[in-house]
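# Geometric and topological summary
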Amino acid sequence: MRIALLTGGGDSSAINAAIRAVVCKALSEGFEIIGIKRGWRGLVYDEVEPLFRGSVSGIIQRGGTILGTSRHNPFKTESGLENIMSNLRKHGIDAIIAIGGDDTNGVAHRLAEYGVKCVGVPQTIDNDLRGTDYSIGFDTAVAVATDALDKLHTTAFSHHRIMVLEVMGRDAGWIALISGIAGGADVILIPEVPFTLEEVISRIEKRHKANKHFSIIVVSEGAKPAGQEEQFVQDQKKDPFGHVRLGGIGNWLAAQIEEKTAYETRVTHLGHLQRGGVPTVTDRVLATRLGAYAVDMIGQGDFDHMACMRSGEVVSVPYDEIVGEVKNVDLKLYELSKLFF
Ligand code: F6P
């Protein structure tokens, strides 16, 4: 059995831990393993390298992906599918393990229609993949955001300011919600629940009346005010999966707060810091378990499925139940978060 391994889409901190697990498990099963460089792009343009135990030595604590990544969509590339099929034949590849988010796994699912045998591993800091409680990279991103909130707290307190932290989260507000709870944010704004400025300002005013002269707001990049159709975008350019670059809600919010109140407001964009750094213990162990299980799934012929973490158990879930739709935050948890301001 010869397995190809690729990592696609936006990166995160614990992908290398998953690569290491896939390689070590595959070799221990007597399988051969070939690394595809920079996601689906590498399979289209034939950029591959064999992987050995030595290739994954000392990488568990290293952020990013040793294989590289891209947002390449072979179904939007001329001869993309034909090239994939011929490169699979050329290298004698029997099955593919794809580590990534909805776009990467969506391509794997589509390839099943052409007889390609794929198994997925969930990796996205947004944690918005259905089927799995957690995706690789999310825990580390939340730790980064929580650390930022802790730091913003002290300076907000000193200056009597409102601090707005804009975090990633395109269609689901997992990073904002979980870091907001852990970091004691006073207002949490997420894509799932449109907000009004009145609500936001009233919470800030209530704090001031209670002699709390500062406030912390954490907002997902994809959040929007009630009644506004479009999310805030950096520009109109779309990636090969049709996504525009989000961003700007934090600045807008800060300007509105300063205009409508007497409170000085500052904005921090956490941006790609959320995607880098040393992975947390939780992420390393999650990546290790999911990566090794993906190899088991291949051994069992469990294709067109993704390795998922559900209630502490690693299970196999059909792609049909996963790709194409977003896993939203738990709204009960969001309600709970509103207790604290
Ligand atoms: O896909 C995850 C994500 O982190 C989104 O939250 C964000 O909108 C996007 O990636 C940004 O990605 P990039 O800057 O790599 O295009």
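Residues numbered from 1 in each chain as written. Predicted model: local features only at pLDDT ≥ 70, side-chain atom pairs only at ≥ 80, totals over all residues. Heavy atoms only, no water.

## Side note on the domain arrangement of the protein chain
Basically, it comes down to this: Segmentation into domains, and thus their bounds, comes from an automatic or database assignment. In what follows, a contact means two residues having at least one pair of non-hydrogen atoms within 4.5 Å. The buried area of a pairing is the accessible area, by a 1.4 Å probe, that goes missing from both parts when the two are put together, added over both. N or O atoms within 3.5 Å of each other form a polar contact, as long as, within protein, one can give a hydrogen and the other can take it, and as long as residues adjacent in sequence are counted only when both atoms are side-chain atoms. We count a stretch as a helix when DSSP gives it H or I for four or more residues in a row; a strand needs E for two or more, and each element gets its number in order from the N terminus. Residues are grouped as follows: nonpolar covers Ala, Val, Leu, Ile, Met, Phe, Trp, Tyr, Cys and Pro; charged covers Asp, Glu, Lys and Arg; every other residue, Gly included, is treated as polar.
Structurally, the protein chain comprises domain 1 (2–137 + 279–321) and domain 2 (139–274). Between the C-alpha centres of domain 1 and domain 2 there is a distance of 32 Å. Each side of the interface is counted separately: domain 1 has 16 residues, and domain 2 has 15 residues. Of the roughly 1,300 Å² buried between domain 1 and domain 2 on both sides combined, carbon and sulfur atoms contribute 55%. Looking at the side of domain 1 facing domain 2, the largest losses of area belong to D103, I125 and D126, adding up to 38% of the total buried there. At the junction of domain 1 and domain 2, the tally comes to seven residue pairs in polar contact (both at pLDDT 80 or more). Of all the elements in the fold, those that place two or more residues in the side of domain 1 that touches domain 2 are α4 (102–112) and α9 (281–299). Looking at side-chain class alone, the side of domain 1 that touches domain 2 contains three nonpolar, seven polar and six charged residues.

## Observations concerning the side chain of H208
Using the following cut-off: For each residue, the accessible area found with a 1.4 Å probe, counting protein chains only, is set against the maximum for its type, and the residue is called buried under 20%, exposed over 50%, and partly exposed in between.
Following the sequence through the fold, H208 ends up in helix α7 (residues 197–209). The buried category is assigned to H208, whose relative accessible area is 14%. Contact partners of H208, with chain neighbours within four places excluded, come to I162, H213, F214 and Y263.

## Some words on the site of the ligand
What counts is decided by this rule: Throughout, the term near means that a residue has one or more heavy atoms lying within 4 Å of the molecule or strand in question. Values of accessible area rely on a 1.4 Å probe in the Shrake-Rupley scheme; residue burial ignores everything except the protein chains shown.
Taken together, R71, I125, D126, M168, G169, R170, E221, H272 and R275 make up the full set of residues near the ligand. In the model, an oxygen atom of the ligand is placed 3.4 Å from a nitrogen or oxygen of the R170 side chain. Isolated, the ligand exposes 400 Å² of accessible area, and the fraction of that covered by the protein chains is 79%. For the shell around the ligand, the class distribution of residues is two nonpolar, two polar and five charged. Of the domains in this structure, domain 1 (2–137 + 279–321) and domain 2 (139–274) are the two that each give at least three residues to the shell around the ligand.

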